[in-house]
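So you can see what is in the structure, the chains are spelled out below.
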Amino acid sequence: MKINTDWKDYEIIATGNGEKLERWKDVYLLRPDPQVIWPQQIDLSKFPELNARYIRSNEGGGRWEIYRPVKDFNVSWRDLTFSVKLMGFKHTGIFPEQAVNWDFTANLVKNAKREIKVLNLFAYTGAASVALSKAGAKVCHVDSAKGMVERAKLNAALSKVDNIRFIIDDCKKFVTREIKRGNKYDAVIMDPPSYGRGPSGETWKIETDLFPLVKLCTNLLSDNPLFFLINSYTTGLQPGVLKNILSLVLKDGNIEAYEVGLPTKEGIALPCGASGIFYRN
């Protein structure tokens, strides 16, 4: 498991009974986590400074239960600043565990000593786009959700970067058009959902659609690609699966796959998904 420990504005305080208690700067949230299958040592819902708790519904989805008012606020990681908001499906707009990948890929960009063009697919609110832009890359950020792209633009402004091209589109359709245009990229990132729909009703299922999309994206790579990163939050999708996918479609580089996680004040590490990366030094 790879863990980044540079966060000052974020930490996991305690876990148990399918929930994690988090501090986001001076805001405390209690959110569901499917990996937390052990009991609570204390009643996390009684934490005295708790601002909000996300309650799942038996019918799917859920709602935020507010104990102390929470307005949108910002958190920082190193020299980057991100907007945090209580959103649907327990989201906040940031996945702190991904800092380990921001760090690694940003260093690849800095050490490349050439202009690096990055394509970020399923790019959400743009933390990776911002981190790589800050490192000097020229980034194309693609997501089908207009609201998420708007938040990505806000994150770019907060971190004072302006070399990001923002696209609202279905990722597969965009990749297909870029291939026809003859455009090339030195690096690709994708954070695909387990299941999703594009702006025109296109469906996405990670079990059937991930490998074909990765293979399709290889047609966009330059003659000297720097890296190809796949992130997955799908429970049960092992890091070895991502390594196998990359090994089958990319050659002449290093390939690693690993869990990503976060430390907790209890002294354990919480698994938060898997990543696989092809890269060249």
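The rules behind the values
Residues numbered from 1 in each chain as written. Predicted model: local features only at pLDDT ≥ 70, side-chain atom pairs only at ≥ 80, totals over all residues. Heavy atoms only, no water. Phe/Tyr/Trp six-rings, centres within 6.5 Å; stacked < 30°, edge-to-face > 60°. Lys NZ or Arg CZ within 6 Å of the ring centre and 35° of its normal. Helix = DSSP H or I, 4+ residues; strand = E, 2+ residues; numbered from the N terminus. Buried < 20%, exposed > 50% of the residue type's maximum accessible area, 1.4 Å probe, protein only. Polar contact = N/O pair within 3.5 Å; in protein donor to acceptor, adjacent residues only side chain to side chain. Contact = heavy atoms within 4.5 Å. Pairing = 2+ DSSP bridges. Axes fitted to C-alpha atoms, helices over the stretch in contact; angles between N-to-C directions. Salt bridge = Lys/Arg side-chain N within 4 Å of Asp/Glu carboxyl O. Left-handed = near helix turned anticlockwise from the far one by under 90°. Parallel < 35°, antiparallel > 145°, perpendicular 65-115°, else oblique. Nonpolar A, V, L, I, M, F, W, Y, C, P; charged D, E, K, R; others polar.

Asks: Is there a simple way to think about the packing of aromatic side chains in this case?
Replies: When we look at a pair of aromatic rings, we describe it by the centre distance and by the angle of the planes. Applying the stated criterion across every chain, the model contains ten aromatic pairs. Grouped by ring-pair contacts, the aromatic residues Trp 7, Tyr 10, Trp 24, Trp 77, Phe 82 and Trp 102 constitute a single cluster. Positioned over the ring face of Phe 104 is Lys 2, at 5.4 Å from the centre of the ring. If you follow Lys 117 out to its NZ or CZ, it ends over the ring of Tyr 185, 5.1 Å from the centre.

Asks: Help me out: how do you make sense of the side chain of Arg 23 in this one?
Replies: Counting through the fold element by element, Arg 23 comes out in strand E3 (residues 19–24). With a relative accessible area of 16%, Arg 23 lands in the buried category. Here Glu 11 takes part through its side chain, which lies 2.8 Å from a polar atom of the side chain of Arg 23. Apart from the residues within four sequence positions on either side, Arg 23 is in contact with Lys 8, Asp 9, Tyr 10, Glu 11, Ile 13 and Tyr 28.

Asks: Sorry, what's going on with the sheet that holds strand E6 (residues 62–66) here?
Replies: Two orientations exist for strands paired in a sheet by backbone hydrogen bonds: parallel and antiparallel. Sheet architecture is open: five strands sit in the order E2-E3-E4-E5-E6, paired in mixed fashion. One side of each edge strand has no neighbouring strand; the edge strands of this open sheet are strand E2 (10–16) and E6. Taken over all neighbouring pairs, the strand axes of this sheet differ in orientation by 20° on average, direction set aside. Looking at chain direction, strand E4 (residues 27–32) and strand E5 (residues 52–56) are connected through two bridges and run parallel. Bridge pairing links Leu 30 to Arg 53 in E5.

Asks: Teacher, can you tell me more about the pattern of salt bridges here?
Replies: Enumeration according to the criterion identifies 14 salt bridges in this entry. Among the ionic pairs, Asp 103 bridges to Arg 78, the shortest N-O distance being 2.8 Å. With a gap of 25 residues between them, Asp 103 in helix H1 (residues 99–112) and Arg 78 in the loop between strand E7 (73–77) and strand E8 (80–84) connect regions that are remote in the sequence. Put simply, Asp 186 and Arg 114 hold a salt bridge, and the shortest N to O gap is 3.4 Å. A residue pair is termed long-range when its members are at least 10 positions apart, and Asp 186 in the loop between helix H4 (171–181) and strand E12 (187–190) and Arg 114 in the loop between H1 and strand E9 (117–121) qualify at 72 residues. One salt-bridge network, in which partners are shared between bridges, spans Lys 20, Glu 22, Arg 31 and Asp 33.

Asks: How do you make sense of the packing of helix H5 (residues 206–217) against helix H6 (residues 239–249) when you look at a structure like this?
Replies: Packed helices, taken two at a time, are described by their axes: the angle between them and the distance between them. The interhelical angle for the contact between H5 and H6, taken along N-to-C directions, is 35°, at an axis separation of 10 Å. In this structure, H5 meets H6 at a crossing whose hand is right-handed. Side by side, H5 and H6 meet where Leu 210, Phe 211, Val 214 and Lys 215 of the first sit next to Leu 242, Ile 245, Leu 248 and Val 249 of the second.

Asks: What am I meant to see in the packing of H1 against helix H2 (residues 127–134) here?
Replies: Contact pair H1 / H2: the axes reach a minimum separation of 9 Å and the direction vectors enclose 30°. Between H1 and H2, the interaxial angle falls into the category roughly parallel. Remark: the crossing between H1 and H2 carries right-handed chirality. Residue-level contacts link Trp 102, Thr 105, Ala 106 and Val 109 of H1 to Ala 127, Ala 128, Ala 131 and Leu 132 of H2. Here the contact of H1 with H2 is built from residues that sort into seven nonpolar, one polar and no charged.

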